[in-house]
Structure formats: structure tokens, C-alpha cells
Amino acid sequence: MTQKQQNLIYFLQRLLSLLVVFLMLAAAAVWSGRLFGRDVGATAKKNDDAEIAAKAAPTADELAALGLPTGIALTPRDSVSWLVAEGDSGVIVSSKSFTKDIEGFAGPVPVYVWFDADGVIAGIAAADNAETPDFFRSAFEGIAPAWKGQAAESASPQVDAVTGATYTSRALTANIRAAVDTYNASASAYTAQPAIGWTKTIAVGAVLLLGIAASFMKKKQKWLRIVLLLLNVGVLGFWCGQFLSLSLLKGFVANGFDPVLALPSVMMLAVAVLLPLFGRGKHYCLWACPFGSLQELAAMIGLPHIKIGQKAWRVMGQARTFVLALLLLLLWTGFGAWLLDYEPFSAFIFTNASPAVLMLAGAFVVTGLFVPRLWCHTFCPVGELLSLAETSSKKKNPHK
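Q: For the pairing of strand 5 (residues 91-94), give the residues involved together with the corresponding values.
A: Neither face of strand 5 is left uncovered, since the one carrying Val91 and Val93 and the one carrying Ile92 and Ser94 both have all their residues buried. Alignment of strand 4 (residues 81-84) against strand 5, held across 3 bridges, turns out to be antiparallel. Along strand 5, the bridge assignment pairs Ser81 with Val93.

Here is the structure:
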């Protein structure tokens, strides 16, 4: 067999591995009732039968969030709005039918907007969504108050995206804007740009390019490695809040994505998938992952490392396979989605991360002082998923 034939077989094996990984994520997404932004299976039939996307009136809790009595009568005005039937109390508009292609971090984030009799925004309530509760609450509390009290015909508050919840913030703004424009019977003006803005997106691209260049250098420079690790942690992690997670990957498969809005994440995913095809296995884990970089920096502090034998290390590495398999099994059965809220990567967005996530991430960073990259080697489901996509057959002890 010629070298060219061997290279072709190797390339096809990688593509087959990528397909298998995609199918695993697709299976998890299908159990959630969505695939590439479309309802599937029983969920699709239910939505077709009841026309939930266009006609569902706000629930009692959503009415309360709008500031209306829970028992108040609503009279359908059309398929997306309702007259508030208590004197002349205005109109409630749903954004759901107009914003199916506008995604937050985990999917659509529709809202109900209540306009009083004078056309002033009197209340805003979030409809059902799949966002992480802490991140969504932070985004909603940072965006919605700026719109309340604004006249619909002139409402255009300048509100910055909430740090750490930029995807959700932009999606919320677009949904409120759509509801206002619907009330005003005008077309929505939604300008597509990366969720974290162009400045941060360019910074993400620059750090990723530096990592690629460093990985191809024949003679590795320790100082350059340290600089790159610091950039991964400081720029990709804390400043831009960009990382790959099982939650993000599942969300992409389930809901699809706007390639401009999600451009930073798409770049990171492209680097993770494409670099191994050019002989740079585990590139994302070793050269781009902010959490892996933070653990490696902790290991460089110089405290004595715990010695772990090769056999024990192999057993620990197999635990990562078990963690991924268990997570996928729970996702496939529809019971494990809540576990994705506890991936430690979101600790970089510490203003919105839950205490449990902060403690989990902190524990592994502290452990990294004594056992380098323990999370990466033993628990990380994203790392295992990428390894499956690379058809890696052997796990090596990073101590050596």
C-alpha cells in the first residue's frame, strides 16, 4: 500500500469518527425534541396539532411576571397577540413566531411584551426557554428594565449585552425588538454580528492562530507556551468567555446556529476538528482550552506532584470514557440535560456561574497543583468526545 493510499484511509477514518460523534450528539438532541432548530418526533406533531408556536397565551406565572393579575381574561387579537380584557388595559404580544432563527446560548428565548392603553411597554416576561437559569436571569435583569416605560413607537434603548451572557442578551434584545415592531406593524431591524462583538471575536481568532503557530514549531519555547496559556485563560476564558462544552455542542446540533452570531465558538470548534486532520491531535485540549490551560498553569507553580503509576493513570483515563457514556445515556433518555449546567468551563463567566460550578472548577484547579490536568484526563466529556473524533487509541501520561 502506497503512502498516498495510507493517508487517504487515515483521512477517511477521521471523517467516519467525526460522523459517529455527530450522530451521538444528534441522538441526544433528538430526545430533546429538536434537531437543527426544528421540532422533531412527538414534539413536532404536538406543535402542529395545537399551533403552540403562534397561539399559546401566557401562563399564570407569565402574566404575573408581566405585572397582570393571574386570572385576568385575555381575548385573542390575532395569532400572536391578545387584548387584555379589563377596561382598556392594552395588548400582549408574543415574539415566538417572529424569532425562531434568533438563538440564545441554548436555543430560542421568546418573550411576552405587555403594551398598555397608551402604547407604553408596561411589562416583559420570558417564555419557556432552555438557557441556563443563572445566566438567563442575569441577562434578563440587565436587558428588560431598559425597555419598560418606553413608548412603543419610539422605543430604542441602547443597552449593552450583559457580560458573560452575551448570546442570551442579544437574543433577548432581538425578541423584545420583534415584539415592539410587531405592535408597531413594522419590520424588525436585527443586525447580525458576533454575540461578543467584533473586537473580542478578533481577539479570539488571534489567540487561536497563535496556538496553531506554536503547535507547528519544531522547537517548543517554554516562554511562548506560558504566554499562550495565559492568553487562553485571560482572553479566551475570562475576557471573552469562549470555550467548547458539551452543552454548547449539543445546542448547536439541537438548535442550529447563526454562523455570524456564534462565530467565536465556530472558530474554536473548527480548530478542534480540523487541526487533528493535519497531524495535530488533541490540539484544542492542549493548545486552546482555557480550563485546561488554567490547570497547566497551576501545575507550573512548583508544588510537589503526586506520583501516579502508568496502570493507575490508564484506569483514570478510562473513567473519562465512562463519564461521557453516562452523560450521553442520560441525554438520550431525556433525564440528563440539567447535568450540563455544571460543566466547570462556565466558571470563567464567574459573575453568572452558580456557586456549585465555581466550587467544582476551583477544586480541579487546586488539584492541578499536585496532579496536572486531572479534569482533562479523568472527567472531561468534551475532551473524550474530541478524542473519539480523532480516533485516538492510546492515552499517555502527561507527567512524562
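Q: Please give an account of the packing of helix 7 (residues 197-216) against helix 10 (residues 263-274) that cites residues and values.
A: Put simply, helix 7 and helix 10 touch, their axes get as near as 9 Å, and they point 10 degrees apart. Between helix 7 and helix 10, the crossing angle belongs to the class labelled roughly parallel. For the pair helix 7 and helix 10, contact is made by Trp198, Thr201, Val204, Gly205, Leu208 and Ile212 and by Leu263, Pro264, Met267, Met268 and Val271, respectively.

Q: Hey, could you go over the state of the cysteines for me, with residue numbers and the actual values?
A: Here the structure, examined in full by the defined rule, presents 0 disulfides. The cysteine Cys285 is free of any disulfide, with Cys380 supplying the nearest cysteine sulfur at 6.1 Å.

Q: Could you give an account of the sheet that holds strand 7 (residues 121-126), with specific residues and numbers?
A: Read from one edge to the other, the open sheet built from 5 strands follows the order 3-4-5-6-7, with strand pairing classed as antiparallel. Every interior strand has two partners, whereas the edge strands, strand 3 (74-78) and strand 7, have only one. Neighbouring strand axes in the sheet, compared pairwise and without regard to direction, differ in orientation by 25 degrees on average. As judged from the 4 bridges shared by strand 3 and strand 4, these two strands associate in the antiparallel manner. Residue Asp78 lies in a different strand from strand 4, and its bridge partner there is Ser81.

Q: So what about the nonpolar core? Which residues, and what values?
A: Formed by 65 residues in total, the largest nonpolar core has its most connected members in Leu246, Tyr284, Phe291, Phe345 and Leu385. It is helix 8 (residues 222-239) that provides the largest number of residues to this core, a total of 6 residues. Setting aside its immediate chain neighbours within four residues, Leu385 contacts Val21, Met24, Leu25, Leu246, Leu249 and Leu324. Residues Ile121, Phe140, Trp147 and Ala165 belong to the second largest nonpolar core, which totals 24 residues.

Q: Describe the packing of aromatic side chains, and please don't skip the residues or the numbers.
A: One pass over the structure, following the stated rule, counts 13 aromatic pairs. For the ring pair Phe291 and Phe345, a centre distance of 6.1 Å and an interplane angle of 85 degrees mean the geometry is edge-to-face. Placement of the pair is Phe291 in helix 12 (residues 290-299) and Phe345 in the loop between helix 13 (310-332) and helix 14 (355-367), with a sequence separation of 54 residues. Each member of the pair, Phe291 as well as Phe345, carries the same accessibility label: buried. Between Phe364 and Phe379, the ring centres sit 5.4 Å apart and the planes meet at 65 degrees, which makes this aromatic pair edge-to-face. Remark: Phe379 occurs in the loop between helix 15 (374-378) and helix 16 (381-390) and Phe364 occurs in helix 14; sequence separation between them is 15 residues. Aromatic rings pair up to connect Phe243, Phe291, Phe345, Phe364, Trp375 and Phe379 into one cluster. Positioned above the aromatic ring of Trp287 is the side chain of Arg225, whose terminal nitrogen or guanidinium carbon lies 4.5 Å from the ring centre. One residue, Arg280, lies across the ring of Phe216, its end atom 4.1 Å from the ring centre.

Q: Run through the pattern of salt bridges, naming residues and quoting values.
A: Tallied over the entire structure, the rule returns 5 salt bridges. Its salt-bridge partner being Arg137, residue Asp134 comes within 2.5 Å of it at the nearest N-O pair. Of the two residues, Asp134 and Arg137 are both situated in helix 5 (residues 133-147); the distance of 3 residues between them amounts to about one turn of the helix. What makes Asp134 partly exposed here is its relative accessible area of 24%. Its relative accessible area of 42% is what places Arg137 among the partly exposed residues. Residues Arg225 and Glu296 are paired through a salt bridge, measuring 2.7 Å at the closest nitrogen-oxygen approach. Placement of Arg225 in helix 8 and of Glu296 in helix 12 is noted, with a sequence separation of 71 residues between them. Neither residue differs from the other here; Arg225 and Glu296 are each classed as buried.

Q: So what about the confidence of the model for the chain? Which residues, and what values?
A: Mean pLDDT over the chain works out to 83, with 86% of the residues at or above the 70 mark. In the predicted structure, residues 186-190 sits below a pLDDT of 50 and forms 10 contacts with residues beyond four places in sequence or in another chain. Residue range residues 392-400 is modelled with pLDDT below 50. Its contacts to residues more than four positions away, or to other chains, number 19 contacts.

Q: I'd love a proper account of the packing of helix 12 against helix 14, names of residues and values included.
A: One way to put it is that helix 12 packs onto helix 14 with a least axis distance of 8 Å and a crossing angle of 40 degrees. Overall, the two elements helix 12 and helix 14 adopt an arrangement that is oblique. Where helix 12 approaches helix 14, its residues Phe291, Leu294, Gln295 and Ala298 are matched on the opposing element by Ala361, Phe364 and Val365. Partitioned by chemical class, the residues of the contact of helix 12 with helix 14 number 6 nonpolar, 1 polar and no charged.

Cut-offs and rules
Residues numbered from 1 in each chain as written. Predicted model: local features only at pLDDT ≥ 70, side-chain atom pairs only at ≥ 80, totals over all residues. Heavy atoms only, no water. Buried < 20%, exposed > 50% of the residue type's maximum accessible area, 1.4 Å probe, protein only. Helix = DSSP H or I, 4+ residues; strand = E, 2+ residues; numbered from the N terminus. Pairing = 2+ DSSP bridges. Axes fitted to C-alpha atoms, helices over the stretch in contact; angles between N-to-C directions. Parallel < 35°, antiparallel > 145°, perpendicular 65-115°, else oblique. Contact = heavy atoms within 4.5 Å. Disulfide = S-S within 2.5 Å. Core = buried A, V, L, I, M, F, W, Y, C linked by side-chain atoms within 4.5 Å. Phe/Tyr/Trp six-rings, centres within 6.5 Å; stacked < 30°, edge-to-face > 60°. Lys NZ or Arg CZ within 6 Å of the ring centre and 35° of its normal. Salt bridge = Lys/Arg side-chain N within 4 Å of Asp/Glu carboxyl O. pLDDT = per-residue confidence, 0-100. Nonpolar A, V, L, I, M, F, W, Y, C, P; charged D, E, K, R; others polar.

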